[in-house]
Amino acid sequence: ARKMSSVAQRQLDRTEQQLVYRVVDAYLNLLLAEKRLQVAEDALKTSQAILERSQARFDAGMVVASDPLGARVQHAQRQQELIQARNGVESARARLNHELGVALDTSYEPAAVLAEQAGFRSVWISDHYRPWVEALAGAVPRRACPRGA
């Protein structure tokens, strides 16, 4: 009976560690998606400036018509990338909410606390995972944390 209890406890510990790992992984993916969104927004601004400059040069007769057309194509591609980045953020947020067990449309601003720990993703979560969960819990509504963490 003691062996069965020990096995059950180890399975429970492993399941808990897997859950924590999935939550932290989803959290880091959300942070990454938000950074990708920021890059896409900046790229769109840059392509808008290039388009305007190219159009002004065309209007002044300094370049051929293909230059502003190419700039329009590039700008349209940046717009598409921005849409994809926004969808990526929403998808990452929904995955994190799913792992936390909250409504998928729950919205919050995650703190970038975990982003500074670059090597964390490759490390199996051990006994030191509690501070990570507490840091993550600070980024979500208190009622959203599993088991009142």
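Residues numbered from 1 in each chain as written. Predicted model: local features only at pLDDT ≥ 70, side-chain atom pairs only at ≥ 80, totals over all residues. Heavy atoms only, no water.

Enquirer: Quick question: what am I supposed to make of the overall build of the chain here?
Expert: A count of helical and extended segments in the chain gives three helices and zero strands. Listing every helix and strand of the chain by position from the N terminus yields α-α-α. Counting only contacts in the chain whose residues sit at least 6 apart along the sequence, the fraction spanning at least 24 positions is 72%. Roughly 10000 Å² of accessible area belongs to the chain as shown, and the carbon and sulfur atoms make up 54% of that amount. (Helix = DSSP H or I, 4+ residues; strand = E, 2+ residues; numbered from the N terminus. Contact = heavy atoms within 4.5 Å. Areas by Shrake-Rupley, 256 points an atom, 1.4 Å probe, with all protein chains shown as cover.)

Enquirer: Would you mind going over the pattern of salt bridges with me for this structure?
Expert: As a working rule, side chains carrying opposite charge can pair if their charged atoms are close by. Within this structure, the stated rule accounts for five salt bridges. In this structure, the salt-bridge partner of Arg-78 is Glu-81, at a minimum N-O distance of 2.9 Å. One end of the pair, Arg-78, and the other, Glu-81, are both in helix H2 (residues 66–100), three residues apart, so they sit about a helical turn from each other. When salt bridges with common partners are traced through the structure, they connect Glu-34, Glu-90 and Arg-93 into a single cluster. (Salt bridge = Lys/Arg side-chain N within 4 Å of Asp/Glu carboxyl O.)

Enquirer: Even after reading the chapter, I still don't get helix H1 (residues 2–59), so can you show me in this structure?
Expert: Because each turn of an α-helix spans 3.6 residues, side chains separated by three or four positions end up pointing in the same direction. The terminal C-alpha atoms of H1 lie 85 Å apart, and with 58 residues this matches the ideal 86 Å at 1.5 Å per residue to within 8%. Immediately downstream of H1, the backbone of Gly-61 shows phi near 80 degrees, a positive value. (Expected span 1.5 Å × (residues − 1).)

Enquirer: Explain the environment of Ile-50 here, please?
Expert: Here Ile-50 is to be found in helix H1. With 18 residues separating them in the primary sequence, Ile-50 and Pro-68 have C-alpha atoms 8.7 Å apart.

Enquirer: Whenever I open this one, the nonpolar core confuses me. Can you help?
Expert: Among soluble globular proteins, nonpolar side chains are generally buried collectively. One finds Leu-30, Leu-37, Leu-82, Val-89, Leu-96 and Leu-100 to be the most contacted residues of the largest nonpolar core, which totals 20 residues. Among the secondary structure elements, those contributing two or more residues to this core are H1 and H2. Among all residues touching Leu-37, those that are not within four sequence positions of it are Leu-82, Ala-85, Arg-86 and Val-89. (Core = buried A, V, L, I, M, F, W, Y, C linked by side-chain atoms within 4.5 Å. Buried < 20%, exposed > 50% of the residue type's maximum accessible area, 1.4 Å probe, protein only.)

Enquirer: Where do I start with the packing of H1 against H2 in this structure?
Expert: Each packed pair of helices is defined by two parameters, the angle between the axes and the distance between the axes. Orientation of H1 relative to H2, taken along the N-to-C sense of each, is 165 degrees, at an axis distance of 8 Å. The pairing of H1 with H2 is recorded here as roughly antiparallel in orientation. In this structure, H1 meets H2 at a crossing whose hand is left-handed. Of the residues in the contact of H1 with H2, the class split is 21 nonpolar, eight polar and 13 charged. (Axes fitted to C-alpha atoms, helices over the stretch in contact; angles between N-to-C directions. Parallel < 35°, antiparallel > 145°, perpendicular 65-115°, else oblique. Left-handed = near helix turned anticlockwise from the far one by under 90°. Nonpolar A, V, L, I, M, F, W, Y, C, P; charged D, E, K, R; others polar.)

Enquirer: I tried to follow H2 on my own but got confused; where do I start?
Expert: Across its 35 residues, H2 extends 51 Å between first and last C-alpha, which sits within 8% of the 51 Å expected from 1.5 Å per residue. Remark: Gly-101 follows H2 within two positions and exhibits a positive phi of approximately 80 degrees.

Enquirer: Just checking my understanding: could you explain the side chain of Asn-97 for this structure?
Expert: Summarising the element assignment, Asn-97 is placed in helix H2. Classification of Asn-97 as buried rests on a relative accessible area of 0%. For Asn-97, the residues in contact, after removing those within four places along its chain, are Val-102, Ala-103, Leu-104, Asp-105, Thr-106 and Tyr-108.

Enquirer: What should I look at first to understand the confidence of the model for the chain in this one?
Expert: Interpretation of this model should avoid reading the predicted coordinates in detail wherever pLDDT is low. Averaged over every residue, the pLDDT of the chain is 80; the share at 70 or more is 74%. When pLDDT is averaged over each element of the chain, H2 comes out on top at 95 and helix H3 (residues 130–137) at the bottom at 55. Confidence over residues 114–128 falls short of pLDDT 50; this stretch has 23 contacts with residues more than four positions distant or in other chains. Contacts from residues 140–149, a stretch scored under 50 in pLDDT, to residues over four places away or in other chains number 14 contacts. (pLDDT = per-residue confidence, 0-100.)

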